[in-house]
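Residue-level structure breakdown
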Amino acid sequence: MSNHFEYRDGLLYAEDIPVEELANQYGTPLYLYSRATLTRHYRVWTECLSEEDMICYSVKANSNLGVLSLLAKLGSGFDIVSGGELERVLAAGGDPARIVFSGLGKTAEDMQRALEVGVHCFNIESIPEMELLNQVALEQGQLAPVSIRVNPDVDAKTHPYISTGLKENKFGIDISQAGDIYQRAADLEGLSIVGIDCHIGSQLTELSPFLDALDRVLDLVDSLGEAGIQIEHLDLGGGLGVTYESETPPSPAELCAAIKTRMGDRPQQLIFEPGRSIAGNAGILVTEVQILKSTEAKNFAVVDAAMNDMIRPSLYGAYMNITEVNQNSNSPEKVWDVVGTVCESADFLGKDRKLKIAEGDLLVQHTAGAYSFVMSSNYNTRGRAAEVLVDGNQSHLVRERETVADLLRGEHVL
Ligand SMILES: *Cc1c(COP(=O)(O)O)cnc(C)c1O
């Protein structure tokens, strides 16, 4: 899906503002998000669904309050995986009745709070979790709406760290046992069964794993129906991939059309939990070249962003495009490893990249809107980057750069 980070006469713009201007104003490393891109991606999803269906944006992909509040205004629901994410959605003005609560280790406190605010549904991943939720609901005199996350044992054909729908993964309940577990849920007085949920992985670039999972889920819906358990919604999770290099994932429209064909005239509401496909290419990471260092074997461009700001290359071996902010440079083109200053050899943003750069130049890492800032840390006592949301020719600082004082807060000397 296209985005609003484009070159004009060799200069990169974020919507209508030159990226260089934003880097001067807010400093680097800097995350930039595009309001128009986020809006477009949300709409692309809703356009292929019916009025009753629901997009629950996966908060963990990019949980900045600016991003969440924008999506809340568009009417998005939210998929959360922790009590902290619940508070973020509420702080951003999200509608609790459009929240689905995923995650395999919900605490009693998380459950109490989610019941109190009235979430749409709890996605349950184990029997102990189901029993705990039942107990919490009974204590509060409430009925907890539940859906069971089934593990359909399909290969999402993605990176092993982001595959979740195989038998050996920790997520969900084996689909072959799900019938029995729905029966148990039906017997628990604090629970009300509302749906079935399945999320098989992230960065999927083919339709077939989604459809294989759906076929298994629909078999289960049918057999539950025969046993007298009616399912109101099918939550098919997130997982649709984006283009980092040359991947060609299906569009949301293609995915929805294929799913609707298989659904036939079944009445269930559809829920999707997209994260990456909404936020991924709605963000970039801007960084400044600090030092150019050539050794016998390699040319290193040492930049001011590091693995604490962007861990995807180190964690998943992820490839992300890196380009010059100003492509009109006179510097000779060379092959560079773009690296941070953290004391780990895994600290790189990209290897063997052809770039025309000099010290002080700005580089941009593309498709950095999802699973990027949210995974940043303070390793090496580095403050986390600023985040800015661009809207046409306006920019909004949606997260301040962390200072050293922020990092030391809460610690005590002996
Ligand atoms: C991470 C996650 C998602 C979002 O996945 P994307 O690949 O970002 O679309 C959706 N649902 C659950 C349960 C998740 O854990």
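Here the focus is the overall build of the protein chain. Helix and strand counts for the protein chain stand at 12 helices and 21 strands. Taken over the C-alpha trace, the protein chain has a radius of gyration of 23 Å; the compact-globule value for 414 residues is 22 Å, and the two agree within 12%. If one aligns the C-alpha atoms of the protein chain with their principal axes, the spans along those axes are about 70 × 55 × 40 Å. In the protein chain, which comprises 414 residues, the share counted as buried stands at 55%. Sequence-distant contacts, at least 24 apart, represent 70% of the contacts inside the protein chain between residues at least 6 apart. In the protein chain, which carries 33 positive and 60 negative side-chain charges, the distance between the mean positions of the two groups comes to 4 Å.

Okay, helix 5 (residues 108–117) next. What helix 5 keeps buried is the set Asp110, Met111, Ala114 and Leu115. Down the axis of helix 5, the buried side of the element spans an arc of 125 degrees, and every buried residue falls inside it. The outward face of helix 5, more than 90 degrees from its buried face, is lined by the exposed residues Glu109 and Glu116. In this structure, the buried residues of helix 5 make contact with helix 4 (83–91), strand 7 (99–101), strand 8 (121–124), helix 6 (127–139) and strand 9 (144–151). Gly118 lies just past helix 5 and shows a positive phi near 85 degrees.

Around the ligand, the surrounding shell holds 14 residues, and the nearest of these are Lys60, Ser202, Glu273, Arg276 and Tyr371. Between the ligand and Gly275 there is a distance of 2.9 Å, counted from an oxygen atom to a backbone nitrogen or oxygen. With the chains in place, 94% of the 390 Å² that the ligand exposes on its own is no longer accessible.

Looking now at the packing of aromatic side chains. Counted under the stated rule, the structure contains 5 aromatic pairs. Between the aromatic rings of Tyr31 and Phe373, the centroid separation amounts to 5.7 Å while the plane-to-plane angle is 90 degrees, which identifies the pairing as edge-to-face. Taken together, the residues Tyr31 in strand 4 (residues 30–34) and Phe373 in the loop between strand 19 (362–365) and strand 20 (386–391) connect sequence positions 342 residues apart. Following the ring pairs from residue to residue traces out a cluster consisting of Tyr31, Tyr33 and Phe373. Positioned above the aromatic ring of Phe348 is the side chain of Lys351, whose terminal nitrogen or guanidinium carbon lies 4.3 Å from the ring centre.

Domain boundaries assigned for the protein chain yield domain 1 (5–33 + 280–408) and domain 2 (103–272). Of note, the centres of domain 1 and domain 2, computed from C-alpha atoms alone, are 36 Å apart. Domain 1 puts 8 residues into the contact, and the matching count from domain 2 is 8 residues. Here domain 1 meets domain 2 over a buried area of about 770 Å², counting both sides, of which 57% is carbon and sulfur.

Here we come to the sheet that holds strand 2 (residues 11–14). As summarised here, the arrangement of the 3 strands in space is 1-2-3, forming an open sheet in which the pairing is antiparallel. In this open sheet, the two edge strands, each paired with only one partner strand, are strand 1 (5–8) and strand 3 (17–18). Pairing geometry for strand 2 and strand 3, over 2 bridges, is antiparallel. Bridging from a neighbouring strand, Ala14 pairs with Ile17 of strand 3.

So, on to the environment of Arg399. For Arg399, the location among the structural elements is in strand 21 (residues 394–399). Note: C-alpha distance between Arg399 and Leu389 (10 residues apart in sequence) is 9.2 Å. If sequence neighbours within four positions are ignored, Arg399 has contacts with Asn64, Phe373, Arg384, Ala386 and Glu387.

What counts and how
Residues numbered from 1 in each chain as written. Predicted model: local features only at pLDDT ≥ 70, side-chain atom pairs only at ≥ 80, totals over all residues. Heavy atoms only, no water. Helix = DSSP H or I, 4+ residues; strand = E, 2+ residues; numbered from the N terminus. Rg over C-alpha atoms; globule rule 2.2 N^0.38 Å. Buried < 20%, exposed > 50% of the residue type's maximum accessible area, 1.4 Å probe, protein only. Contact = heavy atoms within 4.5 Å. Lys, Arg positive; Asp, Glu negative; His and termini not counted. Charge placed at Lys NZ, Arg CZ, Asp CG, Glu CD. Arc of directions from axis to C-beta. Near = heavy atom within 4 Å. Polar contact = N/O pair within 3.5 Å; in protein donor to acceptor, adjacent residues only side chain to side chain. Areas by Shrake-Rupley, 256 points an atom, 1.4 Å probe, with all protein chains shown as cover. Phe/Tyr/Trp six-rings, centres within 6.5 Å; stacked < 30°, edge-to-face > 60°. Lys NZ or Arg CZ within 6 Å of the ring centre and 35° of its normal. Domains from an automatic or database assignment. Buried area = accessible area lost by both parts, 1.4 Å probe. Pairing = 2+ DSSP bridges.

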